[in-house]
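A closer look at the structure
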Amino acid sequence: MRILFVSSEVAPFAKTGGLGDVSAALPRALRAEGHDVLIVAPFYQRVRTPERRFERVLPETEVVLGGRSLRFSVVAARLPDSDVTVLFVDCPALYDRPGIYTQDPDEHLRFSLLGWAALKLCQYTQWAPDIVHCNDWQTSLLPLTLKTMFAWDRLFDRTRTVLTIHNIGHQGAFPSSVLPDTGLADAAHHLHQDQLRDGRINYLLTGILYANAITTVSPTYAREIQTTEHGVGMDGFLRARRSVLFGILNGIDDAEWNPARDGRVPFRYSRDDLSGKALCGQRLAETMKLPHRPGVPVIGIVSRLAWQKGFDLCFDVLPPLLARRDVQLVVLGSGEGRYEELFSRLARQFPRKVAFHKGFSEPLAHLIEAGSDMFLMPSRYEPCGLNQLYSLAYGTPPIVHRTGGLADTVHTWNPTTRKGNGFAFDHFDASGLAWALGYALETWGKPAEWRAMQYNGMSEDFSWKRRVGAYEDVYRGVL
Ligand code: ADP
């Protein structure tokens with residue numbers, strides 16, 4: 001199949017979270033199955049680093065949106081570890097900015113252009129995709145744009161669209177005054193009329209209504225987003241389309257996240273020989289400037305510090321735990337001030353127990369996964385979650401709230417059956433988290449059980465190779 005994968009992030013070029021990882025790994029896995037795959041993404045300022053080479057593949061062209069002429073060209077680079085080409089839409093007026101996402105008044109326009117440019121470049125190269133795979137609100141106008149504004153072009157006669165929802169919390173909701181900028185003014189009768197009457201346009205909703213199929217990133221999240229509790233207003237529309245809604249768990253990129261081959265950690269190890277993990281633990285302590293204390297469990301956190309991630313529970317639970325128990329905590333992340341302040345404060349209050357690195361660091365993320373003993377992820381909701389999968393692969397049992405993809409992948413250790421790979425608490429409250437942490441620390445005190453649990457997690461196969469067939473089925477289902 002010819003697959004055009006359109007995304008606002010693609011690792012390693014531009015990534016803020018899981019979407020960036022998936023937008024590299026899934027196309028790579030599809031290519032490995034023999035499909036013809038192209039990725040389209042914006043040419044943000046941060047993509048253009050001195051060591052990267054880009055080839056200009058399209059002369060400057062123009063799209064007029066909202067009466068404004070947007071001139072762009074297209075540059076290409078190879079996706080690392082594959083022969084997949086990434087086509088970057090180079091529109092300096094919109095993308096040559098420090099951030100990937102912005103609060104700027106033209107945010108809607110930046111991503112309207114992405115969809116238009118993706119379709120224009122198909123026309124220019126006369127490359128007819130079988131599937132256009134859209135991701136999240138940023139590319140959610142594309143299915144309707146294709147069905148209306150590009151309907152005249154026979155090139156797209158057989159093209160079908162798939163929308164993946166990576167996080168329903170972000171919908172791209174804008175005032176209806178942006179309508180001309182979407183390029184869909186002539187197709188406005190296809191937009192949701194009640195919303196339009198109320199003065200709103202919702203990008204994600206438009207994608208939900210018009211994509212030929214919808215996927216999301218775990219089976220549990222696919223069910224949850226059809227409920228009022230988790231659907232963030234989209235649940236009714238998703239229920240209406242449930243016959244074409246599929247939950248497919250994300251995989252992990254084995255080239256990037258495999259403790260036996262990871263070039264970003266100082267020592268490598270496998271489920272049969274964990275000696276390298278202990279050495280990573282020592283390096284982690286040195287790096288984070290904590291005393292290295294073998295036998296004392298280290299809890300790791302790598303996360304965006306956002307409301308979604310559930311750290312509100314930590315305000316009540318962590319201070320007494322750190323005061324009473326012999327445990328260490330290493331945190332990597334940045335985001336909302338209140339969480340940054342919490343971890344800074346804990347690091348000041350417990351300097352021998354807590355270290356906080358504020359920021360984004362790929363190498364440190366790998367070192368924390370490898371060098372920690374357990375991994376904390378108390379998300380309020382979690383479409384799939386990647387860090388718990390990395391933790392399982394790295395022998396670092398995750399402690400999670402049982403929601404979304406966390407519910408599908410983390411199973412509480414049962415000493416009787418010797419099944420389970422971590423600790424999942426049911427109710428999102430302080431006592432749930434305290435219970436899970438307490439149970440984890442108790443199990444840590446039983447090395448044979450801990451070892452068996454690590455072994456369980458490290459034996460699971462979360463590779464994309466196992467997932468890619470489910471996407472192929474969805475594609476075939478709409479063709
Ligand atoms: P989300 O997409 O909601 O942020 P996921 O767990 O799906 O959550 O994916 C998060 C990805 O971003 C992982 O690859 C994780 O390692 C990475 N990540 C998050 N915060 C940081 C950070 N501060 N430094 C390095 N990597 C990070």
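The coordinates are above.
Residues numbered from 1 in each chain as written. Predicted model: local features only at pLDDT ≥ 70, side-chain atom pairs only at ≥ 80, totals over all residues. Heavy atoms only, no water.

1. Side note on the layout of surface pockets
Worth spelling out the cut-off: Cavities and pockets were defined on a 1 Å grid built from protein atoms only: a cavity is a group of points that admits a 1.4 Å probe but offers it no way out, a pocket is an open group of points flanked by protein on both sides within 12 Å along at least five of seven lines, and a lining residue is one with an atom within 4 Å of any such point. Grid points are joined across faces, edges and corners, and a volume is the space filled by probe spheres set on the points. Helix and strand assignments follow DSSP, with helices taken as H or I runs no shorter than four residues and strands as E runs no shorter than two, numbered in order from the N terminus.
The calculated volume of the largest pocket comes to roughly 1200 Å³. Considering the residues around the largest pocket, the lining is formed by 45 residues, among which Glu9, Thr16, Gly17, Gly18 and Arg304 are closest to the centre. Looking at the lining of the largest pocket, the elements that each hand over two or more residues are helix 1 (18-32), strand 12 (298-305), strand 13 (328-335), helix 13 (362-371) and helix 14 (387-393). Looking at the lining of the largest pocket, the element that brings in the most residues is helix 1, giving four residues.

2. Considering the nonpolar core
What counts, and what does not: By nonpolar core we mean a set of buried residues, namely Ala, Val, Leu, Ile, Met, Phe, Trp, Tyr and Cys, connected to one another through side-chain atoms within 4.5 Å. Buried, partly exposed and exposed residues are distinguished by accessible area as a fraction of the type maximum, computed with a 1.4 Å probe on protein chains only: under 20%, between the cut-offs, and over 50%, respectively. Residue contacts follow a heavy-atom distance rule, with two residues in contact if any of their heavy atoms lie within 4.5 Å.
In terms of nonpolar packing, the biggest core is built from 98 residues, with Leu4, Val10, Val40, Phe88, Leu113, Ile165 and Leu238 touching the most fellow members. Considering each element in turn, this core owes the most residues, 10 residues, to helix 3 (residues 107-125). With sequence-adjacent residues up to four places away left out, Phe88 is seen in contact with Val10, Phe13, Ala41, Pro42, Phe43, Val47, Phe54, Ser73, Val74, Val75 and Ala77.

3. Some remarks on the pairing of strand 7 (residues 160-165)
Stated formally: Strands were regarded as paired on the criterion that DSSP finds at least two bridges between them. Handedness rule for crossovers: strands pointing away from the viewer, path from the first strand over the helix to the second running clockwise, crossover right-handed.
Burial analysis of strand 7 places five of its six residues in the buried class, which makes it a mostly covered element. Sheet analysis places strand 6 (residues 131-135) next to strand 7, joined by five bridges and oriented parallel. By the bridge assignment, Asn135 is partnered in strand 7 with Thr164. Regarding topology, helix 4 (residues 142-148) serves as the crossover connection from strand 6 to the parallel strand 7, and that connection is right-handed. Two strands pair when backbone bridges link them, and strand 7 and strand 10 (residues 213-216) are joined in this way by four bridges, in the parallel orientation. Bridging across to strand 10, Leu163 finds its partner in Ile214.

4. Examining the packing of helix 10 (residues 275-288) against helix 13
Stated precisely, the cut-off is as follows: Axis lines are fitted through C-alpha atoms, for helices just across the contact stretch, and the angle between N-to-C directions can take any value from 0 to 180 degrees. Our angle categories are set so that under 35 degrees counts as roughly parallel, over 145 as roughly antiparallel, 65 to 115 as roughly perpendicular, and the remainder as oblique. It is the rotation of the near helix from the far one that decides the hand of a crossing: anticlockwise by less than a right angle makes it left-handed, clockwise makes it right-handed. Nonpolar residues are Ala, Val, Leu, Ile, Met, Phe, Trp, Tyr, Cys and Pro. Charged residues are Asp, Glu, Lys and Arg, and all others, Gly as well, are polar.
Look at helix 10 against helix 13: their axes get within 8 Å of each other, and the N-to-C directions meet at 130°. By the angle class used here, helix 10 and helix 13 are oblique. Considering how the two elements wind past one another, helix 10 and helix 13 form a crossing that is left-handed. Listed contacts from helix 13 to Lys277, Cys280, Gly281, Arg283, Leu284, Thr287 and Met288 of helix 10 are Leu364, Leu367, Ile368, Glu369, Ala370 and Gly371. Split into classes, the residues belonging to the contact of helix 10 with helix 13 amount to seven nonpolar, three polar and three charged.

5. Re empty space enclosed by the protein
On inspection of all chains with the given rule, the structure shows two cavities of 30 Å³ or more. Of the voids in this model, the largest cavity is the one considered here, and its volume is about 80 Å³. The wall of the largest cavity is formed by His190, Leu191, His192, Gln195, Leu196, Arg200, Ile201, Asn202, Leu205, Thr206 and Leu209. Taken together, the elements giving at least two residues each to the lining of the largest cavity come down to helix 6 (193-197), strand 9 (200-202) and helix 7 (203-210). Of the residues contributing to the lining of the largest cavity, the split by class is five nonpolar, five polar and one charged. Size it by volume and the second largest cavity reaches roughly 50 Å³. Taken together, Phe111, Ser112, Gly115, Trp116, Gln138, Thr139, Leu141, Leu142, Thr145 and Thr182 make up the full set of residues lining the second largest cavity. Counting residues per element, the ones that place at least two in the lining of the second largest cavity are helix 3 and helix 4. The element contributing the most residues to the lining of the second largest cavity is helix 3, with four residues.

6. Side note on the sheet that holds strand 12
Here we have six strands laid out as an open sheet, ordered 14-13-12-15-16-17, and parallel in their pairing. A single partner strand is all that each edge strand has here, and the edge strands are strand 14 (354-358) and strand 17 (423-425). Across the sheet, the mean angle from the axis of one strand to that of its neighbour is 20°, orientation sign disregarded. Alignment of strand 16 (residues 398-401) against strand 17, held across three bridges, turns out to be parallel. Note that in strand 17 the partner of Val400 across the bridge is Ala424.

7. Structural notes on the site of the ligand
Selection criterion: Whether a residue is near a molecule or strand depends on its heavy atoms: if one lies within 4 Å, it is near. In the analysis that follows, any N or O atom pair within 3.5 Å is treated as a polar contact, provided that within protein one partner can donate a hydrogen and the other can accept it, and provided that, for residues neighboring in sequence, both atoms belong to side chains. Occupancy of a cavity or pocket is assigned to a molecule whenever over half of its atoms lie within 2 Å of that pocket's grid points. Throughout, the edges of the domains are those of an automatic or database domain assignment.
Taken together, the neighbourhood of the ligand is formed by 19 residues, with Gly18, Asp21, Arg304, Lys309 and Gly359 sitting nearest. Here an oxygen atom of the ligand sits 3.2 Å away from a polar atom, N or O, in the side chain of Asn387. When each cavity is represented as a set of grid points, the ligand is found to reside in the largest pocket. Residue assignment for the shell around the ligand shows that the elements contributing at least two residues are helix 1, strand 12, strand 13 and helix 14. Among the elements that make up the shell around the ligand, the one with the highest residue count is strand 12 (three residues). Each residue belonging to the shell around the ligand can be placed in one class, and the counts come to seven nonpolar, eight polar and four charged. Counting contributing residues, the shell around the ligand receives three or more from each of domain 1 (2-251 + 465-478) and domain 2 (275-461).

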